[in-house]
Every structure is written in C-alpha cells, then in structure tokens.
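# Descriptive analysis of the structure
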Amino acid sequence: SQTIHQWPATLVQPVGSPLSLECTVEGTSNPNLYWYRQAAGRGLQLLFYSVGIGQISSEVPQNLSASRPQDRQFILSSKKLLLSDSGFYLCAWSEVAGYNEQFFGPGTRLTVL
Amino acid sequence: AQSVSQHNHHVILSEAASLELGCNYSYGGTVNLFWYVQYPGQHLQLLLKYFSGDPLVKGIKGFEAEFIKSKFSFNLRKPSVQWSDTAEYFCAVKPTTTSGTYKYIFGTGTRLKVLA
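Here the residue numbers are simple positions, counted from 1 along each chain's written sequence. Chain A is the first chain written and ligand 1 is the first ligand written, with later ones labelled in order. The predicted origin of the model limits local features to residues at a pLDDT of at least 70 and limits the giving and counting of side-chain atom pairs to 80 or more, whereas totals for whole chains, interfaces and linings rest on all residues. Side-chain metrics rest on all non-hydrogen atoms present in the structure, leaving aside hydrogens and water.

### Considerations on the state of the cysteines
By definition, a disulfide links the sulfur atoms of two cysteine residues through a covalent bond. Filter applied, for reference: By convention in this document, the label disulfide applies to cysteine sulfur atom pairs within 2.5 Å. Secondary structure elements are taken from DSSP: a helix is a run of H or I of four residues or more, a strand is a run of E of two residues or more, and numbering for both begins at the N terminus. Each residue gets one of three labels from its accessible area relative to the maximum for its type: buried under 20%, exposed over 50%, partly exposed in between, using a 1.4 Å probe on protein chains only.
For the coordinates displayed, the defined rule picks out 2 disulfides over all chains. The disulfide partner of Cys23(A) is Cys91(A), and the S-S distance across this bridge is 1.9 Å. Where Cys23(A) bonds to Cys91(A) through sulfur, the torsion about that S-S bond is close to -75°, and the disulfide is left-handed. Taken as a pair, Cys23(A) in strand S3 (residues 19-26) and Cys91(A) in strand S9 (residues 87-94) lie far apart in primary sequence, 68 residues in all. This pair shows no difference in class: Cys23(A) is buried, exactly as Cys91(A) is. The partner cysteine of Cys23(B) in its disulfide is Cys91(B), sulfur to sulfur 1.9 Å. Negative torsions about the S-S bond denote left-handed disulfides, and the value of about -65° found for Cys23(B) with Cys91(B) makes this one left-handed. Here Cys23(B) is found in the loop between strand S3 (19-21) and strand S4 (24-26), whereas its partner Cys91(B) is found in strand S10 (residues 87-95), with 68 residues between them in sequence. The pair formed by Cys23(B) and Cys91(B) is uniform in burial state, with each residue classed as buried.

### Quick notes on the interface of chain A and chain B
The condition is simple: Contacts: residue pairs with any heavy atoms within 4.5 Å of one another. For any pair of parts, buried area is found by adding up, for both, the accessible area (1.4 Å probe) each one loses once the two are put together. The term salt bridge refers to a side-chain nitrogen of Lys or Arg lying within 4 Å of a carboxyl oxygen of Asp or Glu. Counting of polar contacts relies on pairs of N or O atoms within 3.5 Å, with two restrictions inside protein: one atom must be capable of donating a hydrogen and the other of accepting it, and residues adjacent in sequence are counted only when both atoms are side-chain atoms. Here the nonpolar group is Ala, Val, Leu, Ile, Met, Phe, Trp, Tyr, Cys and Pro; Asp, Glu, Lys and Arg are the charged ones; every other residue, Gly included, is treated as polar.
Of the residues lining the interface, 23 residues belong to chain A; the matching set on chain B comes to 19 residues. Here chain A meets chain B over a buried area of about 1800 Å², counting both sides, of which 58% is carbon and sulfur. Here chain A is connected to chain B by 2 salt bridges. Note that Glu101(A) and Lys49(B) form a salt bridge whose closest N and O atoms lie 2.9 Å from each other. At the surface where chain A touches chain B, the tally comes to 7 residue pairs in polar contact (both at pLDDT 80 or more). If you list the elements that add at least two residues to the side of chain A that touches chain B, you get strand S4 (32-39), strand S5 (43-52) and S9 of chain A. At 5 residues, S5(A) tops the list of elements feeding residues into the side of chain A that touches chain B. In terms of residue class, the side of chain A that touches chain B is made up of 12 nonpolar, 8 polar and 3 charged.

### Considering the pattern of salt bridges
Any two side chains of opposite charge can pair if their charged atoms end up close together. Counted under the stated rule, the structure contains 8 salt bridges over all chains. In this structure, the salt-bridge partner of Asp71(A) is Arg68(A), at a minimum N-O distance of 3.3 Å. Linking Asp85(B) and Lys78(B) is a salt bridge whose minimum nitrogen-to-oxygen distance equals 2.8 Å. Under the relative-accessibility criterion, Asp85(B) is labelled buried at 1%.

### A closer look at the pairing of S4(A)
Residues and elements named next belong to chain A. Heads up, the condition is: Two strands pair if DSSP finds at least two bridges between them.
Judged by how many residues are buried, S4 sits mostly within the fold: 7 of 8 residues are covered. Summarising the sheet, S4 and S9 pair through 7 bridges and their orientation is antiparallel. Each residue of the ladder has a partner; that of tyrosine 36, found in S9, is leucine 90. Pairing analysis gives 7 bridges linking S4 to S5, with the strands arranged antiparallel.

Dropping the structure here:
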C-alpha cells in the first residue's frame, strides 16, 4: 500500500532563516505531487505541483520554491523565511492516469518568529 | 477563475440531527468531485468521490453526496450525525479537459461540531 511521509512535523524558525520541508511517497511510481498551505477558514491553497522529476509548476508567487530531485521526493524550500510564511503545509500525491483522488501527508506546522 | 464555495463555515448540531453541507463550484466543463474530512489531529482523508454515472454517491461512515450538474453543486449529507463526526469538511473539484489537468481546487472548509 502507498504511504506518504512529511517531516518535520513541527518547526519553529527565525525570520530570515532558510527552510527545507521534505515529502516522500512510498508504494507508487511517477505520482503527481503537490504542496499546499492550509490556513484556518481559507481552505487549502495550492502552492506547487509536479508531474515528474524536475518538473515544477508554481501556482502563487511567493517566497517559497519547490524541487523534485527524485521520483517520489518533493521538497519545499525558502532561502529567507518571512513572518507570513507561518502556516500548516501539506504534501499530497495522486496517480497520474485515470480518475484519481489525492492522498495527503500528516503536514508540517511552521512557525516563523 | 475556477472556484469552490462552501457556504457554511461553522455548523453545530446535536447528535442524531441530519446534516447537509453545501458545495458549489464554478467551472463549465466536466469535473471530478470530492469530499474530504479532517478529524482533529488527523490527516485529510477522502469521504467520497464522484467521477461519472449515478449522481448520488455513497461514502464512508454513512455519508453521501449528490451531484446536481445544473446547479453546479455537490452537497454532502448524512441522515443522523454522531459526536465522532466532529471534524472539518472540505469540498474539492478537479476540472477535466481534453488536455488533462492536475489541479484540485478546494473550498474553504466547514467546521462541524456535534454535541453529545
């Protein structure tokens, strides 16, 4: 069966520090991968998605970037965090072909001080 | 732009009451539709989905949803809620086109609290 991992679960970082959040998927090949930010009362905002290694689409201009160095690895990064980057970050995957739903990871709670 | 509206942001019900959560989307083409649930402290998980066929779909834990194409709606229902249904519920839409699409559009969520 498929599993999705995210780490760390929580993170407290100072303003201006770098960020690296990692997501890995097990039990599937060539998944579509997604990064969302979840804010209370605002639902899930799609930040990035990837349909293959090295292929990244950005949905919202921001202080963050994403990379997909391996088929089942998706990384969310920032060179210098802002206070507004605080939030709950979710990674998700879906099958490439056919009718498909997304499967979500446990999320990372990021607090920027 | 494509969007999903969930009109009820907070709902409070007593156990055994009936539930209906509204979801409307704006997209003129074919869509796949989903309801997800997030229980306190847990992952988002799929409740049910609609791709084609019978517009009334049944999901886990006694939930069902009806796709009404003419109203661009996919409302979630449960005849009798339980305290354990306390959670946040998200409607999501995945537009489909001949060239394919990879994006899922989520509503802002509805927080349901069921009083024992």
